[in-house]
Amino acid sequence: RRILEDLVAGGLAYADVYANLAALHRDAGDVDAARRLYAAALADRPDDLRTAAAAVSLEVASGRPQAAERIYEELLRFHPGDRRLRNNLALLRAGRGDDAGAAALFAALVAENPDYASARVNYAQSLFRLGRRDAALAQLRAAEPLVRGTDLEAVVRRQLDAAAAE
């Protein structure tokens, strides 16, 4: 840790030094220092998926989902077609109660990637929360063949069975 801190203090740090030191500070419970160091790492290498994922986890764990969203939004400038990033951004929006915003992101993602089962299932959940039951069921039915033999199969089956029982 001392060597990394010396590099930062001497102005010789670069993205990996900042990211590694940020992880050490995070693990020691110094969230503010970790946040500053992750920001420095991303300023040096703004397209770094690994560092961005660590920074997002830190922000979410410290109750700052909007800060995590901003990191994803910045990262999407460099990786606009990354469907996992887009799905995760939509999940963050849903997690803070912005179901309409999440549904819009999921809708675009599913339109561009009709075989992306996770996004389809997440889209259905947002639609259910928005009271759009028929549209949600349509998404779940479209997801059924995509999820066969995966962990999502049981989730989709449970949701369809619950809807049928209503």
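Please read all numbers here as calculations on a predicted model, not as lab measurements.

What counts, and where the lines are drawn
Each chain has its residues counted from 1, following the order in which its sequence is written. Whole-chain, interface and lining totals are the exception, using all residues; otherwise, since this is a predicted model, local features are given only for residues with pLDDT of at least 70 and side-chain atom pairs are given and counted only at 80 or more. To get the side-chain values, take all heavy atoms of the structure and skip hydrogens and water. As used in this record, nonpolar core signifies buried Ala, Val, Leu, Ile, Met, Phe, Trp, Tyr and Cys residues forming a set joined through side-chain atoms within 4.5 Å. Note on classification: 1.4 Å probe, protein chains only; a residue is buried when its accessible area is under 20% of the maximum for its type, exposed when over 50%, partly exposed between these limits. In DSSP terms, a helix is any run of H or I states spanning at least four residues, a strand is any run of E spanning at least two, and both are numbered starting from the N terminus. Contact between two residues is taken to exist if any of their heavy atoms lie within 4.5 Å; hydrogens are not considered. Multiplying 1.5 Å by the helix residue count minus one yields the expected span of that helix. Values of pLDDT, the confidence the predictor places in each residue, fall between 0 and 100. Salt bridges are counted wherever a side-chain nitrogen of Lys or Arg sits within 4 Å of a carboxyl oxygen of Asp or Glu.

Asks: Even after reading the chapter, I still don't get the nonpolar core, so can you show me in this structure?
Replies: Generally speaking, nonpolar side chains in soluble globular proteins are found buried as a group. Within the largest apolar cluster, 24 residues are counted, with the highest numbers of intra-cluster contacts made by Tyr38, Ile71 and Tyr72. Elements that contribute at least two residues to this core include exactly α2 (15–27), α3 (31–44), α4 (49–61), α5 (65–78) and α6 (83–95). Beyond its immediate stretch of four places on either side in the chain, Tyr38 contacts Ala19, Ala22, Ala23, Arg26, Thr51, Ala54, Ala55 and Leu58. Counting 22 residues, the second largest nonpolar core, distinct from the first, contains Ala103, Leu109, Leu140 and Ala143.

Asks: Looking at this structure, how should I read the environment of Ala34?
Replies: Counting through the fold element by element, Ala34 comes out in helix α3. Overall, Ala34 belongs to the buried group, its relative accessible area being 0%. In this structure the C-alpha to C-alpha distance between Ala34 and Thr51, which are 17 residues apart in sequence, comes to 11 Å. In this view, Ala34 contacts Ala22, His25, Arg26 and Leu58; residues no more than four positions away in its chain are not counted.

Asks: I would appreciate a short explanation of helix α7 (residues 99–112) in the present structure.
Replies: Between its terminal C-alpha atoms α7 stretches 20 Å, which fits the 20 Å expected from 14 residues at 1.5 Å a residue. Taken together, the buried positions of α7 are Asp99, Gly101, Ala102, Ala103, Phe106, Leu109 and Val110. Looking at the buried positions of α7, the neighbouring elements they touch are α6, α8 (117–129) and α9 (133–147).

Asks: Would you take a moment to explain the confidence of the model for the protein chain for this structure?
Replies: The predicted coordinates ought not to be read in detail in places where the model reports low pLDDT. When pLDDT is averaged along the protein chain, the result is 92; 99% of the residues meet or exceed 70. No element of the protein chain has a lower mean pLDDT than helix α1 (residues 2–9), at 71, and none a higher one than α7, at 97.

Asks: Sorry, what's going on with the pattern of salt bridges here?
Replies: Applying the stated rule across the entire model yields 17 salt bridges. Among the ionic pairs, Arg26 bridges to Asp27, the shortest N-O distance being 3.0 Å. Among the residues examined, Arg26 registers a relative accessible area of 31% and is labelled partly exposed. On the accessibility criterion, Asp27 (58% relative accessible area) is exposed. A salt bridge links Glu69 to Arg93, with the nearest nitrogen and oxygen atoms 2.9 Å apart. On the criterion of sequence distance, the pair formed by Glu69 in helix α5 and Arg93 in helix α6 is long-range, its members being 24 residues apart. Look at Glu69 and you get buried, because its relative accessible area is 4%. Exposure remark for Arg93: the relative accessible area of 15% places this residue in the buried category. Among the ionic contacts, a cluster of salt bridges with common partners joins Asp16, Arg45, Asp48 and Arg50.

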